[in-house]
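Close look at the chain arrangement
So you can see what is in the structure, the chains are spelled out below.
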Amino acid sequence: MANLFTRLKDSITADLHEALDQKEQKNPIAMLNQYLRESEKETEKVRKLVERQYRLKDEFSREFQKAQDMADKRRRQAEVAEKAGESDMYEFALKEQQEYEARAERLQASRRDSIDQLESLERKYEEMKHKLKDMHLKRMELMGRENIARAHHRMNRVIEDTADKPYSRFSAIDSYIEDLEYKVNSAYYHNTFDSKMAHLEKELEKREEVPAK
């Protein structure tokens, strides 16, 4: 089991290193998402191994109980055969008893080993789940930081773009309006000049026609 986790750890570490080597070509968040998906797959594999180990433990328990029951049964039968003076049956029952007892002892040892292995698997599995949860939280934190960074970048760009451009645009518009006003006023003055001069000439003519007293 230790070798299994070593292989899983080495596999995940290798995948992470490969992803980190390609970080210049990939979006960091996308890279992290891919790594999380792979980690989730490995965690699911370990979950299935834990379930399998539970089944093995239960199977060892059942087989141990069967062997123990048969050993007890052959022991009682050996006692009956011995009392009855049936030496052949006694020898057979005694031999069977010994074989079942040896089997029960071996199964009991295997059962204890399976329980120890299961406990180790469960600890490692819980550790993997905690690590996976931490990575999900870390991804959320990085996504939050990325959002803030993008927002600040966009706001700074808008602020920088509007720092001078709008004022220069307003200045250009102001100059345009002033020029337009000048042209309008000039045209008005030009258009009314002749009429004013004609009126002035008439006034002078009237003054000249008035006889001196």
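What counts, and at which threshold
Residues numbered from 1 in each chain as written. Predicted model: local features only at pLDDT ≥ 70, side-chain atom pairs only at ≥ 80, totals over all residues. Heavy atoms only, no water. Helix = DSSP H or I, 4+ residues; strand = E, 2+ residues; numbered from the N terminus. Buried < 20%, exposed > 50% of the residue type's maximum accessible area, 1.4 Å probe, protein only. Contact = heavy atoms within 4.5 Å. Areas by Shrake-Rupley, 256 points an atom, 1.4 Å probe, with all protein chains shown as cover. Patch = residues over 30% accessible without salt bridge, like charges linked within 9 Å, V, L, I, M, F, W, Y side chains within 5 Å. Salt bridge = Lys/Arg side-chain N within 4 Å of Asp/Glu carboxyl O. Expected span 1.5 Å × (residues − 1). pLDDT = per-residue confidence, 0-100. Core = buried A, V, L, I, M, F, W, Y, C linked by side-chain atoms within 4.5 Å.

Helix and strand counts for the protein come out as 3 helices and 0 strands. Counting from the amino terminus, the protein carries its helices and strands in the arrangement α-α-α. A total of 213 residues make up the protein; the buried ones form 19% of that total. Of all intrachain contacts in the protein linking residues separated by at least 6 positions in sequence, the fraction that spans at least 24 positions is 79%. Accessible area of the protein: about 17000 Å², with a carbon and sulfur share of 53%.

On the surface, a nonpolar cluster with roughly 480 Å² of combined accessible area is contributed by Ile173, Tyr176, Ile177, Leu180 and Val184. With respect to the helices and strands, the residue Ile173 is situated in helix 3 (residues 87-209).

This brings us to helix 2 (residues 28-84). Taking 1.5 Å of rise per residue, the 57 residues of helix 2 would be expected to cover 84 Å, and the 83 Å separating its terminal C-alpha atoms lies within 8% of that figure. The first or second residue beyond helix 2 is Gly85, which carries a positive phi of 75 degrees.

Of the residues in the protein, 78% have a pLDDT of 70 or more, and the chain-wide mean is 79. Between the elements of the protein, mean pLDDT differs from a low of 59, seen in helix 1 (residues 2-21), to a high of 89, seen in helix 2.

Moving on, we come to the nonpolar core. Counting residues in each nonpolar core, the largest one holds 6 residues, listed as Val46, Val50, Leu118, Leu121, Tyr125 and Met128. Breaking this core down by element, the ones donating at least two residues are helix 2 and helix 3. If one sorts the elements of this core by residue count, helix 3 sits on top with 4 residues. Leu32, Tyr35, Leu36 and Leu132 belong to the second largest nonpolar core, which has 5 residues in total.

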